[in-house]
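Next come the chains, spelled out residue by residue.
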Amino acid sequence: MNLSGNSPTQKAIYWGSHYLMIAAFVVFALFPLYWLLKVSVTPNDILYTEGVRMWPSRTTWENYTFVLTQSNFPHYFMNSVIVAGTTAIVTTMVAAVTGYSFSRFAFRGKVIIVALMLITQMFPLVMLIAPIFKILAPLGLTDSLTGLIIVYTAFNVPFATFLMQSFFDGIPKDLEEAAMIDGNTRFQAFRRIILPLTLPGVAATLGFVFTAAWSELLFALMLVSSDAASTFPVGLLSFVSKFSVDFGQMMAAGVLALIPACAFFLLIQRYLVQGLTAGAVKG
Amino acid sequence: MASIEIANAVKSYGAVDVLHGIDLDIQDGEFIVLVGPSGCGKSTLLRMIAGLEDITSGDISIGGTIVNELQPKDRDIAMVFQSYALYPHMSVAENMSYALTLRKTAKEKITDAITNVADILGLSALLERRPKALSGGQRQRVAMGRAIVRKPQAFLFDEPLSNLDARLREQMRSEIRKLHRRLGATSVYVTHDQIEAMTMADRIVAMHDGIIQQVGTPIEIYDRPANIFVASFIGSPAMTFLEGTYEIAANGNAGVRIADGALIPVLPAQGATANQAVTLGARPEHIGIVGDDKGGIPARVDLIEPMGLSTLVHVSLAGNPVKIFTLDRPDFAADSIIHITFDMEKIHVFDTKTQLRLPPQSEPHTAKTA
Amino acid sequence: MQAGKLPVARRGVISRRLSGILEPYLYVSPALVLIIAVMLMPLILGLSYAFRDIRILNPFSGGFVGMAHFQTLLTDDAFFGALANTAWWTFGSLLFQFTLGLILALLLNREFPGRRLIQALVFLPWAVPTFLSGLNWAWMFNPVVGPLPHWFTALGLMDEPFNILSDPDLAMWGPIVANIWFGIPFFAITLLAALQSIPKELYEAASIDGATTRQKFISITLPFLAPTIAITLMLRTIWIANFADLIVVMTNGGPADSTQIVASYIFTQAFRRLDFGYASAIAAVLLVLLLAYALGVIALRRAMTHADS
Ligand SMILES: Nc1ncnc2c1ncn2[C@@H]1O[C@H](COP(=O)(O)OP(=O)(O)OP(=O)(O)O)[C@@H](O)[C@H]1O
Ligand SMILES: [Mg+2]
């Protein structure tokens, strides 16, 4: 499509404003992250005196070395990797089979199940904390990473299912029928032929769920009480109390925690758009 | 190779019946073509044979064993889809070998089979390509190749040529026939293109609204259509139909009197009674144009369509459009009046009420109807 | 026919038809079990709390109180204030997230050098944990350590640098800005995906028909985006209305309840006052309101699409 008009001046004006707006978006998106980084490398004694300078007169890695060597942060970090990673994988597997059945089968009760999943998206989740605690406690699943994984998986399955369904809808039914005639059961055809074709979609779903689970604070805070099972958002909060709000260290921990989420996100973000585009995997 | 028997097969979706008790015996090695208009249930029947659709009631057997309870993978059949359904993430070679790999066939055997089939289909240079990098005709060949390498009990085709251009379709038509002669495999081929049906079939199965209308060799179907539906569906340009009443003269000669009072002579028909409402059916090549003094029926020329070899003349007769096929170059123009005659040996009389053909008394009872 | 006498081939014990019927349920069962156990059962339990006196620190609580919580709610000014704030918070955030997200998607829908990288960068805020971004934005609004108040003063928006988070009239803007920052990528991603699935031939055909850029946008782009826009707007409205994290972190509902939304009010009641019964009653009301909203939107869409056809 040609939005830019045809004469060279029109083109120049169009692209000039195009880049200007893009630049504005980039600045808006990145400046807060830059500020986070700045605070994390500012030495404590000038944190307030040079608080509004764009870059401090001295910088230090102290906050990082402290966080990495003297705090529990590496441990929280590992917990978060385990919880977010497992949640992403399990949710995507569950959502894949459910989304596939929504896409390919007409069955009694389907409408009810879809409606149920939609309604779960409307829950004020705070309301579920106490009841979930009550249900998990006798099973020994409070204060455990497993419990968190189960809860996060359930929360993310509905959205992930609708996402996966849209990818399967874009793949012609003939393909698994051909695979069934070639010697697969339906489930084998799904696993060996259809799932590999939705890899971009699978990546997108993994990314969505991973970032959601990586950031979750409320349930992590309420369901877990011991340090041993704390995830990093809870750990960040512990900087507030334990170290009398040492902002430099907290921001350093925050920057470190951003790394895996951002790295993962950068890896999958092009699949987000590609995967969401109907028919991306056709043909 | 195996025979296929279909006994009283019914398919319903909820309250809607789409196939109403299909009976069909397919001989070992036979090439059967299912034809019929869109939505008549051809694909459904084919997919029931493949095991992709459940059978609501009735039985389907392949090679003398009832397969109702078998999954598609256990039926040992191959299918070529209209969309080809090639696996986009596999190369041509992988697409073709997939079924054999699943059956844990030995590596060397697979390589041999693929080389051989690629040779037959002219795919040898394309084996490493992905389907995306192939033309429509090449994809079609790969789909065929994928079916052939398996040496299945039967081949099923669902409109495999409908995405190809006319020339390629013609070429593939004869190639599939040649392949069939070479492999001798039982084949069921679905199409709504009656030329494909005529040129390829050992026997044609004409379907309409979930019911088999007639089963027969292409020539049987063309020359002795069981009813008005089959007569109108098979043959291009299509048969002309004229409604009228059946008349018998004292000397035993018979004729059909049409709306404007003209009498068209026909062979006396079995079971027809005087003044019965009948429909006369005449193929374009069975209507002739004669000189003004030869006693033909006058008709006004609507349109002249030159087709090179022949000419198709459209005329109106008693308000009905009539198509005439002629090898002569016409010497008249549109809107002129010409005289036409009907070849009484070749034209058909149908009972207007039952739609069934009333064969001439000289013909033995052969036409089969469902 | 003699077919009845033919041998019948079989695999497995359950019939093909039965397994065909069971198969889809087998596929949905893991999701269903999870959702019922972790969401539906707790929801029902939570709803039952709304009719009981449940205060964690009071050993005599636990009894059935009927509609008492709902009656209290009717006279609870803080709740109605929170309701108004919820509307303001939700639609304020949504309007900017959506408009800016749409503009970003349109900008990214054109091919230009470096597009991949730019796209990755502008989508980054989506990956930042909300807790961290709330802290960071609160920090940036603080005149001692953040640049924003100084910029506002330089632009003439403020007489002197001060923290808007402590001004009851302006405080809501703080979490809203943070929410906009966090939420633009969601809309940009979904809308960009929808944009890229519009067939290019449509634009070419329209150009040949003599359509201007604006006409093409109105007659092709918008109608194609409409379904995506409708569904994402509805889901996001509900999601944002329930989304209290940023507010809890940045203002904790203050100052003087000026940023208290219903979701954060529930949080306050449950985890600061430890009155789970009352918190559940509020949550039940919020759930009903959101359901009514969703049904209203769906009904409206029905009516509109029917009017179209
Ligand atoms: N899942 C279904 N539910 C209800 N009706 C169906 C379903 N699938 C097919 N039908 C109906 O069954 C009938 C037969 O369909 P079928 O696909 O066999 O037609 P066809 O002869 O192959 O037509 P075409 O030449 O267009 O491919 C159609 O009227 C169709 O509407
Ligand atoms: Mg069909």
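Residues numbered from 1 in each chain as written. Chains lettered and ligands numbered in written order. Predicted model: local features only at pLDDT ≥ 70, side-chain atom pairs only at ≥ 80, totals over all residues. Heavy atoms only, no water.

The subject of this paragraph is the overall build of chain C. The helix and strand tally for chain C stands at twelve helices and zero strands. Written out in order from the N terminus, the α and β elements of chain C read α-α-α-α-α-α-α-α-α-α-α-α. Taken against the 2.2 N^0.38 rule, which gives 19 Å for 309 residues, the C-alpha radius of gyration of chain C at 26 Å runs more than 25% over that of a compact globule. Considering only C-alpha atoms, chain C reaches an extent of 95 × 70 × 40 Å along its principal axes. Within chain C, the fraction of its 309 residues that count as buried is 50%. Summarising the internal contacts of chain C: among those between residues at least 6 apart in sequence, 64% fall at separations of at least 24. (Helix = DSSP H or I, 4+ residues; strand = E, 2+ residues; numbered from the N terminus. Rg over C-alpha atoms; globule rule 2.2 N^0.38 Å. Buried < 20%, exposed > 50% of the residue type's maximum accessible area, 1.4 Å probe, protein only. Contact = heavy atoms within 4.5 Å.)

Another aspect to go through is the site of ligand 1. Residue and element names in this part refer to chain B. For ligand 1, the full set of nearby residues is Tyr13, Val18, Ser38, Gly39, Cys40, Gly41, Lys42, Ser43, Thr44, Glu159 and His192. Take Thr44: an N or O atom from its side chain is 2.5 Å from an oxygen atom of ligand 1. Top contributing element to the shell around ligand 1 by residue count: helix H1 (residues 42-50), with three residues. Of the residues that constitute the shell around ligand 1, the class distribution is three nonpolar, six polar and two charged. (Near = heavy atom within 4 Å. Polar contact = N/O pair within 3.5 Å; in protein donor to acceptor, adjacent residues only side chain to side chain. Nonpolar A, V, L, I, M, F, W, Y, C, P; charged D, E, K, R; others polar.)

A word on unusual backbone geometry. All names here are of chain B. Omega for the bond connecting Ser236 with Pro237 falls within 30 degrees of zero, at 0°, which places this linkage in the cis form. You can see Pro237 is positioned in the loop between helix H8 (228-233) and strand E11 (240-248). Positive phi is not limited to glycine here, since Ala318 has a value of about 50°. With a relative accessible area of 29%, Ala318 lands in the partly exposed category.

We now examine the interface of chain A and chain C. When the parts of a complex come together, some accessible area is lost, and that lost area is often taken as the interface size. Tallying the contact residues gives 91 residues for chain A and 86 residues for chain C. Here chain A and chain C share an interface that buries about 8300 Å² over both sides, 82% of which is from carbon and sulfur atoms. Summed over the shared surface of chain A and chain C, the number is one salt bridge. Between Arg186 of chain A and Glu23 of chain C there is a salt bridge; the shortest N-O distance is 4.0 Å. Where chain A meets chain C, there are eight residue pairs in polar contact (both at pLDDT 80 or more). In terms of residue class, the side of chain A that touches chain C is made up of 73 nonpolar, 14 polar and four charged. (Buried area = accessible area lost by both parts, 1.4 Å probe. Salt bridge = Lys/Arg side-chain N within 4 Å of Asp/Glu carboxyl O.)

Before going further, it helps to spend a moment on the pairing of strand E6 (residues 77-80) of chain B. Residue and element names in this part refer to chain B. Residues of E6 alternate between two faces, with Ile77 and Met79 on one and Ala78 and Val80 on the opposite face, all of them buried. Examined bridge by bridge, E6 and strand E7 (residues 154-158) share four bridges and lie parallel to one another. Each bridged residue has a counterpart across the sheet, and for Ala78 the counterpart in E7 is Phe155. (Pairing = 2+ DSSP bridges.)

All names here are of chain B. Along its sequence, chain B is carved into domain 1 (4-230) and domain 2 (238-351). The gap between the C-alpha centroids of domain 1 and domain 2 is 39 Å. Listed by partner, the interface residues are six residues for domain 1 and six residues for domain 2. Here domain 1 and domain 2 share an interface that buries about 550 Å² over both sides, 62% of which is from carbon and sulfur atoms. On the domain 1 side of the interface with domain 2, the three residues burying the most area are Tyr222, Pro225 and Ile228, jointly 83% of the side's total. Inspection of the domain 1/domain 2 interface yields zero salt bridges. (Domains from an automatic or database assignment.)

A separate point is the pattern of salt bridges. All names here are of chain B. Applying the stated criterion across every chain yields a total of 16 salt bridges over all chains. The residue Lys73 makes a salt bridge to Asp74 at a minimum N-O spacing of 3.5 Å. Accessibility expressed as a relative area gives 23% for Lys73, which makes it partly exposed. With its nearest N and O atoms 3.9 Å apart, the salt bridge here joins Asp76 to Arg150. Here Asp76, found in the loop between strand E5 (65-66) and E6, pairs with Arg150, found in the loop between helix H4 (136-148) and E7; they are 74 residues apart in sequence, far enough to count as distant. Owing to a relative accessible area of 9%, Arg150 belongs among the buried residues under this scheme.

Before going further, it helps to examine helix H4 (residues 110-120) of chain A. Within H4 of chain A, the full set of buried residues consists of Ile113, Leu116, Met117 and Thr120 of chain A. Here the buried residues of H4 of chain A occupy an arc of 95° about the axis, which is enough to place them on one side. Those residues of H4 of chain A that are buried lie in contact with helix H3 (73-104) and helix H6 (145-169) of chain A together with helix H1 (16-49) of chain C. (Arc of directions from axis to C-beta.)

Per the stated rule, a full pass over the model turns up 48 aromatic pairs over all chains. Geometrically, the ring pair formed by Tyr100 of chain A and Phe168 of chain A is edge-to-face, given 5.6 Å between the ring centres and 85° between the ring planes. Here Tyr100 of chain A, found in helix H3, pairs with Phe168 of chain A, found in helix H6; they are 68 residues apart in sequence, far enough to count as distant. Ring centres of Trp126 of chain C and Phe182 of chain C lie 5.2 Å apart, and the angle between their planes is 15°; this geometry places the pair in the stacked category. Taken as a pair, Trp126 of chain C in the loop between helix H4 (115-123) and helix H5 (130-141) and Phe182 of chain C in helix H7 (residues 173-196) lie far apart in primary sequence, 56 residues in all. Given a relative accessible area of 7%, Phe182 of chain C falls into the buried group. Members of the aromatic cluster, joined through ring pairs, are Phe159 and Phe208 of chain A together with Trp89, Phe98, Trp126, Phe182, Phe186, Phe187, Trp239 and Phe243 of chain C. For Arg146 of chain B, the ring lying beneath its charged end belongs to Tyr87 of chain B, and the centroid distance is 4.9 Å. Taking the ring centre of Trp239 of chain C as reference, the NZ or CZ of Arg236 of chain C above it sits at 4.3 Å. (Phe/Tyr/Trp six-rings, centres within 6.5 Å; stacked < 30°, edge-to-face > 60°. Lys NZ or Arg CZ within 6 Å of the ring centre and 35° of its normal.)

The partner chain B presents 22 residues to the eleven residues of chain C that form the contact. Between chain C and chain B the total buried area reaches about 1500 Å² when both faces are included, carbon and sulfur atoms providing 51% of it. For the pair chain C and chain B, the interface holds zero salt bridges. Applying the counting rule to chain C against chain B returns zero residue pairs in polar contact (both at pLDDT 80 or more).

A separate point is the sheet that holds strand E8 (residues 186-191) of chain B. All names here are of chain B. Spatially, the six strands line up as an open sheet ordered E6-E7-E8-E3-E9-E10, and their pairing is mixed. Taken across any chain shown, the strands that pair with only one partner, and hence form the sheet edges, are E6 and strand E10 (211-216). Taken over all neighbouring pairs, the strand axes of this sheet differ in orientation by 15° on average, direction set aside. Running at roughly 150° to E7, H1 makes contact with strand E3 (31-35), E6, E7, E8 and strand E9 (203-208) of the sheet. Contacting E3, E7 and E8, helix H5 (residues 166-183) crosses the sheet at an angle of about 140° to E3. (Axes fitted to C-alpha atoms, helices over the stretch in contact; angles between N-to-C directions.)

Residues and elements named next belong to chain B. Read across the sheet, four strands follow the order E2-E1-E4-E5 without closing on themselves; strand pairing throughout is antiparallel. Of all strands in the sheet, those bounded by a partner on one side alone are strand E2 (16-26) and E5. Pairing of strand E1 (residues 4-13) with strand E4 (residues 57-62) involves five bridges; the strand directions are antiparallel. Residue pairing in the sheet places Val10 in a bridge with Ser57 of E4. In the packing of H1 onto the sheet, the strands contacted are E1, E2 and E4, and the crossing angle to E1 comes to about 115°.

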